[in-house]
Amino acid sequence: MLRKLYYYKAFGFKYINENMLKDGSIKTSFLNVDSISNIKSQVLNCSLCTLCKSRKNALFSFGSKNAKVFFVSDSPSIADDLRGELFSGKSGKFFLDCLKKTIGDGEFYFSNIIKCKISGDEVPNIEYFQKCSPYIMQEIDIIAPKIIVTLGSLAFNLITNDFGESVNFDSLRGSVFKFKNTLLMPTYSPYWIITNPSKMDEFMLDLDKIKEFI
(Lines give C-alpha, C1' and ligand atoms only; values in the text may rest on other atoms or scores of the structure.)
Protein backbone atom coordinates (compact mmCIF):
# COMPACT_ATOMS: atom_id res chain seq x y z
CA MET A 1 0.00 0.00 0.00
CA LEU A 2 2.77 2.42 0.92
CA ARG A 3 4.53 1.69 -2.36
CA LYS A 4 1.35 2.54 -4.27
CA LEU A 5 0.97 5.81 -2.37
CA TYR A 6 4.52 6.83 -3.28
CA TYR A 7 3.78 5.90 -6.89
CA TYR A 8 0.71 8.15 -6.95
CA LYS A 9 2.68 10.95 -5.30
CA ALA A 10 5.29 10.76 -8.07
CA PHE A 11 2.50 11.44 -10.58
CA GLY A 12 1.47 14.60 -8.77
CA PHE A 13 -1.35 13.44 -6.54
CA LYS A 14 -1.62 15.45 -3.33
CA TYR A 15 -2.77 14.02 -0.02
CA ILE A 16 -5.09 16.18 2.04
CA ASN A 17 -6.99 15.95 5.27
CA GLU A 18 -10.63 14.87 4.86
CA ASN A 19 -11.77 17.68 7.14
CA MET A 20 -10.23 20.26 4.80
CA LEU A 21 -12.65 19.12 2.11
CA LYS A 22 -15.64 19.44 4.44
CA ASP A 23 -14.89 22.98 5.53
CA GLY A 24 -14.20 24.16 1.93
CA SER A 25 -10.64 25.29 2.64
CA ILE A 26 -9.36 23.45 -0.43
CA LYS A 27 -10.34 25.10 -3.70
CA THR A 28 -11.40 22.98 -6.64
CA SER A 29 -8.57 24.34 -8.81
CA PHE A 30 -6.06 22.90 -6.35
CA LEU A 31 -7.51 19.45 -6.87
CA ASN A 32 -7.42 19.64 -10.68
CA VAL A 33 -4.27 17.83 -11.75
CA ASP A 34 -5.52 17.09 -15.26
CA SER A 35 -3.83 19.93 -17.14
CA ILE A 36 -1.07 19.86 -19.74
CA SER A 37 1.13 22.18 -17.69
CA ASN A 38 0.75 19.90 -14.66
CA ILE A 39 1.66 16.80 -16.67
CA LYS A 40 4.66 18.63 -18.12
CA SER A 41 5.89 19.47 -14.63
CA GLN A 42 5.56 15.83 -13.61
CA VAL A 43 7.43 14.59 -16.70
CA LEU A 44 10.32 17.03 -16.35
CA ASN A 45 10.83 15.92 -12.75
CA CYS A 46 10.02 12.24 -13.23
CA SER A 47 12.22 9.60 -11.61
CA LEU A 48 9.91 6.60 -11.82
CA CYS A 49 12.30 4.37 -13.78
CA THR A 50 16.02 3.97 -14.41
CA LEU A 51 15.95 6.07 -17.60
CA CYS A 52 16.07 9.20 -15.43
CA LYS A 53 19.69 8.33 -14.61
CA SER A 54 20.94 8.29 -18.21
CA ARG A 55 18.88 11.07 -19.78
CA LYS A 56 20.10 14.60 -20.29
CA ASN A 57 16.54 15.89 -20.65
CA ALA A 58 13.09 14.49 -20.05
CA LEU A 59 11.20 15.32 -23.24
CA PHE A 60 7.68 16.65 -23.14
CA SER A 61 5.16 17.11 -25.91
CA PHE A 62 4.58 20.20 -28.00
CA GLY A 63 1.83 21.55 -30.23
CA SER A 64 -1.65 23.00 -30.03
CA LYS A 65 -3.91 22.18 -27.09
CA ASN A 66 -6.77 22.39 -29.62
CA ALA A 67 -5.12 19.88 -31.94
CA LYS A 68 -7.28 17.67 -34.11
CA VAL A 69 -4.37 15.33 -34.90
CA PHE A 70 -2.22 13.78 -32.16
CA PHE A 71 1.06 12.26 -33.40
CA VAL A 72 2.69 9.68 -31.15
CA SER A 73 6.19 8.22 -31.39
CA ASP A 74 7.68 5.60 -29.07
CA SER A 75 10.61 7.46 -27.44
CA PRO A 76 12.91 10.46 -27.98
CA SER A 77 16.03 10.18 -30.11
CA ILE A 78 19.51 10.82 -28.79
CA ALA A 79 19.48 14.13 -30.71
CA ASP A 80 16.22 15.10 -28.98
CA ASP A 81 17.75 14.30 -25.61
CA LEU A 82 20.84 16.43 -26.28
CA ARG A 83 18.84 19.41 -27.57
CA GLY A 84 15.97 19.10 -25.10
CA GLU A 85 13.44 19.26 -27.93
CA LEU A 86 11.29 16.60 -29.63
CA PHE A 87 11.63 15.89 -33.37
CA SER A 88 14.81 17.97 -33.50
CA GLY A 89 17.06 15.42 -35.19
CA LYS A 90 17.30 14.37 -38.84
CA SER A 91 14.23 12.10 -38.76
CA GLY A 92 12.19 14.71 -36.89
CA LYS A 93 12.94 17.43 -39.43
CA PHE A 94 12.21 14.96 -42.24
CA PHE A 95 8.83 14.17 -40.66
CA LEU A 96 7.81 17.82 -40.23
CA ASP A 97 8.73 18.45 -43.85
CA CYS A 98 6.55 15.51 -44.94
CA LEU A 99 3.64 16.97 -42.98
CA LYS A 100 3.94 20.30 -44.78
CA LYS A 101 3.90 18.52 -48.15
CA THR A 102 0.77 16.51 -47.32
CA ILE A 103 -1.43 18.15 -44.68
CA GLY A 104 0.14 21.59 -44.60
CA ASP A 105 -0.22 23.81 -41.57
CA GLY A 106 -2.74 22.82 -38.95
CA GLU A 107 -3.40 22.26 -35.28
CA PHE A 108 -1.20 19.30 -34.39
CA TYR A 109 0.10 17.83 -31.14
CA PHE A 110 3.30 15.77 -30.95
CA SER A 111 4.20 13.41 -28.13
CA ASN A 112 6.20 10.34 -27.15
CA ILE A 113 4.95 7.43 -25.08
CA ILE A 114 8.28 7.03 -23.28
CA LYS A 115 9.54 10.46 -22.25
CA CYS A 116 13.28 9.77 -21.89
CA LYS A 117 15.75 8.56 -24.51
CA ILE A 118 16.76 4.92 -24.50
CA SER A 119 20.48 4.26 -24.77
CA GLY A 120 22.06 2.58 -27.76
CA ASP A 121 20.22 -0.36 -29.28
CA GLU A 122 18.24 -1.11 -26.12
CA VAL A 123 14.65 -2.19 -26.73
CA PRO A 124 12.09 -0.42 -24.51
CA ASN A 125 11.06 -2.85 -21.78
CA ILE A 126 7.65 -3.17 -20.20
CA GLU A 127 8.76 -1.25 -17.09
CA TYR A 128 9.40 1.92 -19.08
CA PHE A 129 6.00 1.69 -20.71
CA GLN A 130 4.14 0.98 -17.49
CA LYS A 131 5.70 3.94 -15.74
CA CYS A 132 5.23 6.37 -18.63
CA SER A 133 1.85 5.30 -20.04
CA PRO A 134 -0.28 7.34 -17.58
CA TYR A 135 1.29 10.51 -18.98
CA ILE A 136 0.33 9.86 -22.59
CA MET A 137 -3.16 8.66 -21.67
CA GLN A 138 -3.80 11.86 -19.71
CA GLU A 139 -2.55 13.91 -22.65
CA ILE A 140 -4.96 12.13 -24.99
CA ASP A 141 -7.88 12.71 -22.63
CA ILE A 142 -7.10 16.42 -22.31
CA ILE A 143 -6.34 17.14 -25.98
CA ALA A 144 -9.26 14.96 -27.17
CA PRO A 145 -8.07 14.81 -30.80
CA LYS A 146 -10.13 13.62 -33.73
CA ILE A 147 -7.43 11.12 -34.65
CA ILE A 148 -4.23 9.71 -33.11
CA VAL A 149 -1.46 8.75 -35.52
CA THR A 150 1.15 6.35 -34.15
CA LEU A 151 4.56 6.51 -35.81
CA GLY A 152 6.02 3.02 -36.07
CA SER A 153 5.00 -0.46 -35.00
CA LEU A 154 6.43 -0.09 -31.50
CA ALA A 155 4.42 3.07 -30.81
CA PHE A 156 1.28 1.30 -32.05
CA ASN A 157 1.91 -1.77 -29.88
CA LEU A 158 2.69 0.32 -26.81
CA ILE A 159 -0.31 2.63 -27.00
CA THR A 160 -2.74 -0.21 -27.67
CA ASN A 161 -1.03 -2.31 -24.98
CA ASP A 162 -0.76 -5.16 -27.47
CA PHE A 163 2.27 -7.28 -26.69
CA GLY A 164 0.82 -10.49 -28.03
CA GLU A 165 1.60 -12.36 -31.22
CA SER A 166 3.27 -10.14 -33.76
CA VAL A 167 1.14 -9.03 -36.73
CA ASN A 168 2.54 -7.88 -40.06
CA PHE A 169 2.65 -4.10 -39.59
CA ASP A 170 2.36 -3.51 -43.34
CA SER A 171 -1.14 -4.99 -43.19
CA LEU A 172 -2.15 -2.59 -40.40
CA ARG A 173 -0.61 0.72 -41.42
CA GLY A 174 -3.00 3.17 -42.97
CA SER A 175 -6.01 1.45 -41.38
CA VAL A 176 -8.20 3.41 -38.98
CA PHE A 177 -9.36 1.92 -35.67
CA LYS A 178 -11.60 3.06 -32.83
CA PHE A 179 -9.49 3.87 -29.77
CA LYS A 180 -10.81 5.31 -26.49
CA ASN A 181 -13.11 8.16 -27.59
CA THR A 182 -11.32 8.86 -30.85
CA LEU A 183 -9.72 7.17 -33.87
CA LEU A 184 -6.25 5.71 -34.29
CA MET A 185 -4.18 5.19 -37.41
CA PRO A 186 -0.76 3.51 -37.40
CA THR A 187 1.87 4.44 -39.96
CA TYR A 188 5.62 4.04 -40.33
CA SER A 189 8.08 5.94 -38.18
CA PRO A 190 10.01 8.71 -39.97
CA TYR A 191 13.31 7.11 -38.93
CA TRP A 192 12.27 3.82 -40.51
CA ILE A 193 11.27 5.58 -43.74
CA ILE A 194 14.68 7.28 -43.97
CA THR A 195 16.34 3.87 -43.76
CA ASN A 196 13.69 2.19 -45.98
CA PRO A 197 12.89 4.78 -48.68
CA SER A 198 11.02 2.23 -50.80
CA LYS A 199 8.06 2.75 -48.43
CA MET A 200 8.03 6.53 -48.86
CA ASP A 201 4.97 6.56 -51.14
CA GLU A 202 2.90 4.55 -48.66
CA PHE A 203 4.00 6.83 -45.83
CA MET A 204 2.98 9.97 -47.73
CA LEU A 205 -0.39 8.40 -48.62
CA ASP A 206 -1.02 7.70 -44.94
CA LEU A 207 -0.25 11.30 -44.00
CA ASP A 208 -2.45 12.57 -46.82
CA LYS A 209 -5.32 10.39 -45.58
CA ILE A 210 -5.37 12.33 -42.30
CA LYS A 211 -7.07 15.21 -44.13
CA GLU A 212 -10.24 13.11 -44.28
CA PHE A 213 -10.59 13.36 -40.50
CA ILE A 214 -9.85 17.04 -39.94
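As annotated in an unreviewed UniProt entry, the protein chain carries the name Uracil-DNA glycosylase superfamily protein and is attributed to Campylobacter sputorum subsp. sputorum.

A. Representation of the pairing of strand β6 (residues 182-187) in the model. Within β6, 5 of the 6 residues are buried, which leaves the element mostly enclosed by the surrounding structure. In this sheet, β6 lies alongside strand β4 (residues 147-151) in parallel orientation, the contact comprising 5 bridges. Looking at β6, one finds that Ile147 is bridged to Leu183. By the bridge criterion, 3 bridges tie strand β5 (residues 177-179) to β6 in an arrangement that is antiparallel. Across the sheet, the residue bridging to Phe177 is Leu184, located in β6. Hairpin geometry of β5 and β6 is characterised by an intervening segment of 2 residues between the two adjacent antiparallel strands and by a positive phi of about 55° at Lys180.

B. Seen up close, the packing of aromatic side chains. All chains considered together, the criterion is met by 15 aromatic pairs. Aromatic ring contacts, followed pair by pair, group Phe62, Phe71, Phe87, Phe94, Phe95, Phe108, Phe110 and Phe203 into a single cluster.

Parameters and conventions
- Residues numbered from 1 in each chain as written.
- Predicted model: local features only at pLDDT ≥ 70, side-chain atom pairs only at ≥ 80, totals over all residues.
- Heavy atoms only, no water.
- Buried < 20%, exposed > 50% of the residue type's maximum accessible area, 1.4 Å probe, protein only.
- Helix = DSSP H or I, 4+ residues; strand = E, 2+ residues; numbered from the N terminus.
- Pairing = 2+ DSSP bridges.
- Phe/Tyr/Trp six-rings, centres within 6.5 Å; stacked < 30°, edge-to-face > 60°.

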